[in-house]
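Residue-level structure breakdown
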Amino acid sequence: MSKQILPELKIRNKKINVPVIQGGMGIGLSNFNLAGSVAREGGLGVLSSAALDRIVSARKGHKVNSREAARLDVLDAREISNGHGAIGMNIMVALVNSYEDSVLGAMDGGVDAIISGAGLPFSLSEIAKKHPRFEEVALIPIVSSGRAAEVILKKWEKTNRMPDAFVVEGPLAGGHIGWRDEETAMAPENRLENLIKEVIDVCFAWNLDIPIIAAGGIYSHEDILHYLSLGCSGVQMGTRFLATHESGANDEYKKMLVDCKESDIELASKPGSPCGMLFRVLKASPFYQEALAHARVPKCDKGYLLNKGKCPAKENNETSFCICNGLLASVALAPTEKNLYTVGQCAVKIKKIDTVRSLMLELQGA
Ligand SMILES: Cc1cc2nc3c(=O)[nH]c(=O)nc-3n(C[C@H](O)[C@H](O)[C@H](O)COP(=O)(O)O)c2cc1C
């Protein structure tokens, strides 16, 4: 395929020059510097609300709560963006205790979009409605099937506010993916192309003309053209932005990412993430190795990521492990713990750490 100029992406009333969303990456990986730099290059840079109270408190040198942390992170990213592009915040449904405060705090800070997955964001429109900026902020669920899109639409219909876009995330993505067992996740019917068609069909049936954003395994300019040709209006990418100088990943993380081969990447399930969804990891991550050996005593002392209000890793180290501590250690916020690294499957193609500027130009086919 030849190089082509990419069309702009319009979500709600916001025009985004480059139709690339840098996906939210917790904990602390899509920090204000990364998201602000992506926005500065004309894309939508996305912060992560995960453990933001700890991260921003450490950065500012005084204690802030989740709402204030979200507000300050948006302001800091906006400053780096120099007024260009757009800033979003990724708020995972599984972050039960801080969900509402993060939504409202991001809106206080002037965020352009809230992107929410890792569970179905049934309450997002209702919560956002409490804020005076409700009409200005794009609300974007992440789904992995047409059925998930449909149940969200049924729920949101009652609040008189429909989603402003759907991110459709396939099984090759980094972080959590929307399936509980590997066989189902990797079944041919769950290829990203098929999921996109399902979601487009649901939107058509609901007479809803909104952008569909493809995510999971997208690497190149040609990949972006491919998804645009299938009816998408843009893409969301995580792993490629993880491999930039601006991301919050530490040097060891970036080195392992650049060096990894297919056999180095695994979908953690037993033990897996406390929220029950498959979680893609670098197998050699020291924290994951410890979990595989059941060498960690069951423990949950952070309590960010919950499953039906509880963390199963508190009682049991066979089926789940405490990913919060491993992820916090990777951004120097749990000094006595080992590191845990998550990547997408396209990490195997990455050969160097780049700047956001050069990556954004490459993705535009320059
Ligand atoms: C290191 C890493 C951390 C991630 N963390 C989150 C997260 O906290 N919340 C979320 O909804 N998605 C998360 N994701 C998914 C991304 O937002 C994005 O949808 C995904 O990376 C797209 O797939 P790709 O990695 O193949 O580009 C994460 C992805 C990566 C690589």
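Right above here is the structure, for reference.
All of the points below concern the structure found in this document. (Residues numbered from 1 in each chain as written. Predicted model: local features only at pLDDT ≥ 70, side-chain atom pairs only at ≥ 80, totals over all residues.)

1. Observations regarding the overall build of the protein chain
Operational definition: What counts as a helix is a DSSP run of H or I of at least four residues, what counts as a strand is a run of E of at least two, and both are numbered from the N terminus. The exposure label follows from counting other C-beta atoms within 10 Å of a residue's C-beta, where the C-beta atoms are placed from the backbone and the thresholds are 20 or more for buried and 12 or fewer for exposed, leaving partly exposed in between.
Looking only at helices and strands, the protein chain has 14 helices and 13 strands in total. Referenced to the eigenvectors of the C-alpha coordinate spread, the extents of the protein chain come out at roughly 50 × 45 × 40 Å. Counting the 366 residues in the protein chain, one finds 55% classified as buried.

2. Digging into the sheet that holds strand β9 (residues 175-176)
This is how it is decided: Pairing between strands is defined by DSSP: at least two bridges between the two strands are required.
The strand order β9-β13-β12 describes an open sheet built from 3 strands, whose pairing is antiparallel. For this open sheet the edge positions go to β9 and β12 (265-268), each flanked by a neighbour on one side alone. Two strands pair when backbone bridges link them, and β9 and strand β13 (residues 279-282) are joined in this way by 2 bridges, in the antiparallel orientation. Across the sheet, G175 pairs through a bridge with R280, a residue of β13.

3. Description of the sheet that holds strand β8 (residues 166-169)
The cut-off we apply is this: Structural elements are reduced to axes, namely lines fitted to C-alpha atoms, with helices fitted over the stretch in contact, and the angle between N-to-C directions of any two is expressed from 0 to 180 degrees. With C-beta atoms placed from the backbone, a contact is any residue pair whose C-beta atoms sit within 7 Å.
The strand order β3-β4-β5-β6-β7-β8-β10-β11 describes a closed barrel built from 8 strands, whose pairing is parallel. Sheet twist, expressed as the mean angle between neighbouring strand axes with direction ignored, is 25 degrees. As paired strands, β8 and strand β10 (residues 212-215) are joined by 4 bridges and run parallel to one another. Bridging from a neighbouring strand, E169 pairs with A215 of β10. Of the strands in this sheet, β4 (44-48) and β5 (86-90) are in contact with helix α3 (residues 66-81), which crosses β5 at around 150 degrees.

4. Section: the site of the ligand
Put simply, the test is: Each residue gets a C-beta atom placed from its backbone. Should that atom fall within 6 Å of a molecule or strand, the residue is termed near it. Charged residues are taken to be Asp, Glu, Lys and Arg, nonpolar residues to be Ala, Val, Leu, Ile, Met, Phe, Trp, Tyr, Cys and Pro, and polar residues to be all remaining types, Gly included. For the domain bounds, the source is a domain assignment made automatically or taken from a database.
Taken together, 30 residues sit near the ligand, with G23, G174, G175, G238 and G344 positioned nearest. Residue assignment for the shell around the ligand shows that the elements contributing at least two residues are β11 (234-237) and α10 (239-242). Classifying every residue of the shell around the ligand by side-chain character gives 14 nonpolar, 15 polar and 1 charged. Of the domains in this structure, domain 1 (9-248 + 352-363) and domain 2 (251-345) are the two that each give at least three residues to the shell around the ligand.

5. Thoughts on the nonpolar core
Note the cut-off: Definition of nonpolar core: a set of buried Ala, Val, Leu, Ile, Met, Phe, Trp, Tyr and Cys residues joined via C-beta atoms within 7 Å.
In this structure, A113, I114, V168, V199, I213, A214 and V235 are the most contacted members of the largest nonpolar core, which totals 122 residues. Counting contributing residues, this core receives three or more from each of domain 1 (9-248 + 352-363) and domain 2 (251-345). In this view, V199 contacts V143, G146, A149, F166, V168 and I212; residues no more than four positions away in its chain are not counted.

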